[in-house]
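As a plain string of letters, each chain reads:
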Amino acid sequence: MDEFKVRTVDLQQVQTQPRHKTDGLSSSTLVLRRGQAFTVTINYDGRPFDPLKEKLIFRIVLGPIAVEVPVSRFGQPSLTQWTAVLERSVPNPTGPRALSVTLSSPATASIGVYTLQLRVEARLSVKTHLLGQFTLLCNPWCQADSVFLQSEDLRTEYVKSDIGLLFKGSPGNIVSRPWSFDQYEKGILDICMKLLQLSPQYQADMGKDLLNCSNPVYIGRVISAMVNSNDDKGVLMGNWSGDYNGGVNPSKWSGSADILRMWSETQFRPVKYGQCWVFAAVMCTVMRALGIPTRVITNFSSAHDTNGNMVIEEYYNEMGEKLSFSRDSIWNFHVWVESWMRRPDLGQGYDGWQVLDPTPQEMSGEMFRCGPAAVTAIYERRVDAQYDVPFVYAAVNGNVHRVIVKNGKVLSTSIDKNRVGALICTKHPGSMHMQDITSEYKTEMDDSTVHTLSTDVRRGEGTTGIVAPQGLAVSLQLLKAPVVGENISFNVIITNKVAVPKLLRKHVNAQNKEYNRNPTGTFWEAHGDMKIGPKETVTIQHEISFKEYMLMEAEEDSLVNLAVVIEDVKSQETVLASEEFNIRSPSLDIQVQNEYVVINTQQVATVTFTNLFSTAVSGELIVACSGLQEKIQTRLTIRPRETMRMPINFTPRMAGAKMLYASLVLMNPLTILHGFKTINVQGS
């Protein structure tokens, strides 16, 4: 009879990937999760397989590392080492014969792109067959994996879901920004694996790097550095200048696939441009694709303490203008990610969510990266716990010293312990709402406020202000949440606490502000003298017109620093109140014709926007959705008070929760509008 001869090997991709929860991920290879078995079928000719006459040995290769796994007739798949167990032999006297072998990887295997070989050793010959490649990912469904997550709902949200919301703006006027993580888009997983191979660690010592890629702590540090381009061939170049020539305004991105594909297609040159929410969203895509549960976090009033003293200094002059004396800053919001993993390196109690921040701010281990910092360690102020806990702790806990100066002399100082880290939030699992997670990072707000010199800080509902010992109080009150295209209406409320009339000098000042730094020049101001009677409270209403605050660069939510200084002419006592707020863009409305959406069936959605501006507006409408279709782009002009209703045809290609999202980039006024609609696509 003819000798045993391997004809083909079937890696059973179609059957295997759903069992490994990798169906839908687009790759040129089979995609597997570690710590889980998979079956290959060996089709052969000749006499039946006889384990006494030939040995079958699988060779599993990752770069310079190779593991040889003999096929055993007995045994069980192992979680601690590679195994290959012969399941059955299918005799077929008249045609091809087949062997079924179950391979399993350890739950601690390195993630990466492996090559699979099969060596057949007979008495007189040795033949090696190249079977192909497979991509091995982390496995949050496997209890032995260090990224294991108990809840199926949370695994669905933080690994499988490709839709998200990023939160921006200010705590009193939160903007929900749709984002498509796109991990199922064509070629994205392969690009994520390439990102690991381009890291400086891989380039310096491939073998050491590949061994370390078993550890999600190490992987997180590598990805945190590789998402920015500051010291490697990373994905995104940051730009906070307001000048985005030669690239894309960060506010125009709405998904990760465009960014990752552009990086890949330009031979891994950095994509221009990113800001914090873009860096974080792209990192979330990469980590979810690698199988590491990850969510995007927003920290409102995020401190960047450059000298590490936990104090942020802010300076105002006597006219209410905020000054740029300090290198410290408070970002109106800052966005990072948390990834779920065990932390055996920190001892007991620090498993769970870990902060990773890919926005290039400070060096960590001689590279621009941050984390993983255990959220529990931040809460406990374990500043000795790796990695970068002091930096993140300061971002959510710093004290604000607010100083009023005139001709180099300090008029007053106040300390606010509650402003930094005012709200820390993420998308709620299974819904498109916000989840407040502030209490995971810090204890309850400290009601005490430290006062020095002449001022006393007291916050009221919807107002901010300070009260001087002489009994003069001032506060600011926004009358409604500001929206682009409308006037900004606010009250200045002044109270004379003493039984003596006063002559006052009032200075109101508004400055444009970027979310991550101090304000630029004043764009609106109002000054005047006034009298106030004994024990009297006076309310003065002001309006800033739309024309006065229109920005020069398209933004999705403009920021304003508003301040008022009241001076008692006789005593020269000076008090200040300030408020930082965002001006929201109007939103787009999206409705789907049929609530019951079926896979591979054409559907119709309608995007609606009413032009409330007093002039015609023109711009570009972009509609897209992960797993649905190519982007739809169209230019349009909408007359004043006209309602645009744009029908959009789309065909969903994947089942599950999906998000249809739209953006309208207006040229006049320069602003970006967003809208989204979640749809549950049913299988056929």
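Residues numbered from 1 in each chain as written. Predicted model: local features only at pLDDT ≥ 70, side-chain atom pairs only at ≥ 80, totals over all residues. Heavy atoms only, no water.

1. Let's talk about unusual backbone geometry
Residues lysine 272 and tyrosine 273 are joined by a peptide bond in cis, for which omega reads 10 degrees. Along the polypeptide, tyrosine 273 turns up in strand E13 (residues 271-274). With an omega of 0 degrees, the peptide bond running from glutamine 386 to tyrosine 387 counts as cis. Here the phi dihedral of glutamine 267 falls at roughly 55 degrees; this positive angle occurs in a residue that is not glycine. Relative to the elements of secondary structure, glutamine 267 occurs in the loop between helix H7 (256-265) and E13. (Helix = DSSP H or I, 4+ residues; strand = E, 2+ residues; numbered from the N terminus.)

2. Here's the deal with the environment of tyrosine 114
With respect to the helices and strands, the residue tyrosine 114 is situated in strand E8 (residues 112-121). Residue classification places tyrosine 114 among the buried residues on the basis of a relative accessible area of 5%. Apart from residues no more than four positions distant in its own chain, tyrosine 114 is found in contact with Ile60, Val61, Leu62, Trp82, Ala109, Gly132, Gln133, Phe134 and Leu136. (Buried < 20%, exposed > 50% of the residue type's maximum accessible area, 1.4 Å probe, protein only. Contact = heavy atoms within 4.5 Å.)

3. Some points on the sheet that holds strand E22 (residues 423-427)
Strands in a sheet are paired, the pairing made by backbone hydrogen bonds, and the direction either parallel or antiparallel. One open sheet holds the six strands; their spatial order is E19-E18-E17-E14-E22-E23, and the pairing between them is antiparallel. Every other strand in the sheet has two partners, leaving strand E19 (373-374) and strand E23 (434-436) as the edge strands with one partner each. Bridge count for E22 against E23 is three bridges, and the pairing is antiparallel. The residue of E23 that forms the bridge with threonine 426 is glutamine 435. (Pairing = 2+ DSSP bridges.)

4. A few points about the UniProt feature "active site" (unreviewed entry) in the protein chain
Residues annotated in UniProt with the feature "active site" (unreviewed entry) correspond here to Cys276, His334 and Asp357. For this annotated set, covering 82 residues, all C-alpha atoms fall within 9.7 Å of each other, a compact arrangement in space. Position of aspartate 357 among the secondary structure elements: in the loop between strand E18 (352-356) and E19. For aspartate 357, a relative accessible area of 2% puts it in the buried group. Setting aside chain neighbours within four positions, we find aspartate 357 in contact with Ser224, His334, Val335, Trp336, Arg369 and Cys370. (UniProt positions renumbered as here; feature names shortened; annotations may be inferred.)

5. What to know about the side chain of asparagine 249
Its location among the elements puts asparagine 249 in the loop between strand E12 (236-238) and H7. Looking at asparagine 249, its side chain comes within polar contact range of the main-chain nitrogen of serine 251, at 2.9 Å. (Polar contact = N/O pair within 3.5 Å; in protein donor to acceptor, adjacent residues only side chain to side chain.)

6. Brief notes about the packing of helix H6 (residues 216-226) against helix H8 (residues 276-289)
Between H6 and H8, whose axes approach to 10 Å, the crossing angle comes to 145 degrees. In the packing of H6 onto H8, the handedness of the crossing is right-handed. Here Gly220, Ile223 and Ser224 of H6 lie close against H8, whose contacting residues are Met283, Val286 and Met287. Split by residue class, the contact of H6 with H8 holds four nonpolar, two polar and no charged. (Axes fitted to C-alpha atoms, helices over the stretch in contact; angles between N-to-C directions. Left-handed = near helix turned anticlockwise from the far one by under 90°. Nonpolar A, V, L, I, M, F, W, Y, C, P; charged D, E, K, R; others polar.)

7. A short note on the pairing of strand E21 (residues 409-416)
As paired strands, strand E20 (residues 399-406) and E21 are joined by seven bridges and run antiparallel to one another. For isoleucine 404, the partnering residue across the bridge sits in E21 and is serine 412. Counted along the chain from E20 to the antiparallel partner E21, the turn is two residues long, and its residue asparagine 407 has a positive phi close to 50 degrees.

8. Considerations on the layout of surface pockets
What the second largest pocket holds in volume is close to 500 Å³. Taken together, 22 residues form the lining of the second largest pocket, with Thr156, Lys160, Ser161, Gly656 and Ala657 sitting closest to its centre. Of all the secondary structure elements, the ones that give two or more residues to the lining of the second largest pocket are helix H2 (152-160), strand E40 (656-666) and strand E41 (671-682). At four residues, the largest contribution of residues to the lining of the second largest pocket is made by H2. Taken together, the residues that form the lining of the second largest pocket break down as eight nonpolar, seven polar and seven charged. (1 Å grid on protein atoms, 1.4 Å probe; cavity = no way out; pocket = protein on both sides within 12 Å on 5 of 7 lines; lining within 4 Å. Points joined across faces, edges and corners; volume = space filled by probe spheres on them.)

9. Remarks on the packing of aromatic side chains
Using the criterion set out here, one finds 20 aromatic pairs in the structure. Ring centres of tyrosine 114 and phenylalanine 134 lie 5.0 Å apart, and the angle between their planes is 5 degrees; on these two criteria the pair is classed as stacked. Note that tyrosine 114 is positioned in strand E8 and phenylalanine 134 in strand E9 (residues 126-137), a separation of 20 residues in sequence. By way of ring pairs, the aromatic residues Trp240, Trp277, Phe279, Trp331, Phe333 and Tyr515 are connected into one cluster. (Phe/Tyr/Trp six-rings, centres within 6.5 Å; stacked < 30°, edge-to-face > 60°.)

10. A few points about helix H10 (residues 389-397)
Across the nine residues of H10, seven count as buried, placing the element largely inside the fold. The complete set of buried residues in H10 reads Val389, Val392, Tyr393, Ala394, Ala395, Val396 and Asn397.

11. A closer look at the nonpolar core
Trp179, Ile223, Ile259, Trp263 and Trp277 are the most contacted members of the largest nonpolar core, which has 70 residues in total. Counting 54 residues, the second largest nonpolar core, distinct from the first, contains Val474, Tyr549, Val592 and Val607. (Core = buried A, V, L, I, M, F, W, Y, C linked by side-chain atoms within 4.5 Å.)

12. Here's the deal with the pattern of salt bridges
For the coordinates displayed, the defined rule picks out 23 salt bridges. Residue glutamate 314 pairs with arginine 419 through a salt bridge whose shortest N-O separation is 2.8 Å. In this pair, glutamate 314 is assigned in strand E15 (residues 311-317) and arginine 419 in the loop between E21 and E22, connecting sequence segments 105 residues apart. Here glutamate 314 and arginine 419 have matching classes, each one buried. Between glutamate 580 and lysine 322 there is a salt bridge, with its nearest N and O atoms 3.1 Å apart. Here glutamate 580 is found in strand E33 (residues 574-584), whereas its partner lysine 322 is found in strand E16 (residues 322-323), with 258 residues between them in sequence. For glutamate 580, a relative accessible area of 17% translates into the label buried. For lysine 322, a relative accessible area of 4% puts it in the buried group. (Salt bridge = Lys/Arg side-chain N within 4 Å of Asp/Glu carboxyl O.)

13. Details of the sheet that holds strand E36 (residues 603-610)
Taking strand neighbours across the sheet as the criterion, the three strands line up as E34-E36-E39 in an open arrangement whose pairing is antiparallel. Looking along the sheet, the strands with just one partner apiece sit at the ends: strand E34 (589-592) and strand E39 (643-650). Direction aside, the axes of adjacent strands within the sheet are offset by 20 degrees on average. For E34 and E36, the ladder comprises four bridges, and the chain directions are antiparallel. Residue glutamine 591 lies in a different strand from E36, and its bridge partner there is threonine 606.

14. Regarding empty space enclosed by the protein
For the coordinates displayed, the defined rule picks out seven cavities of 30 Å³ or more. Of the pockets and cavities examined, the second largest cavity occupies roughly 80 Å³. Sorting the residues of the lining of the second largest cavity by element identifies H2, strand E10 (163-170), strand E14 (294-304) and E22 as the ones contributing at least two each. Here the lining of the second largest cavity gets three residues from one element, more than from any other, and that element is E10. Here the residues of the lining of the second largest cavity are counted per class, giving five nonpolar, two polar and four charged.

15. Some points on the confidence of the model for the protein chain
Averaged over all residues, the pLDDT of the protein chain equals 89, while 92% of them reach at least 70. Contacts from residues 447-469, a stretch scored under 50 in pLDDT, to residues over four places away or in other chains number 64 contacts. (pLDDT = per-residue confidence, 0-100.)

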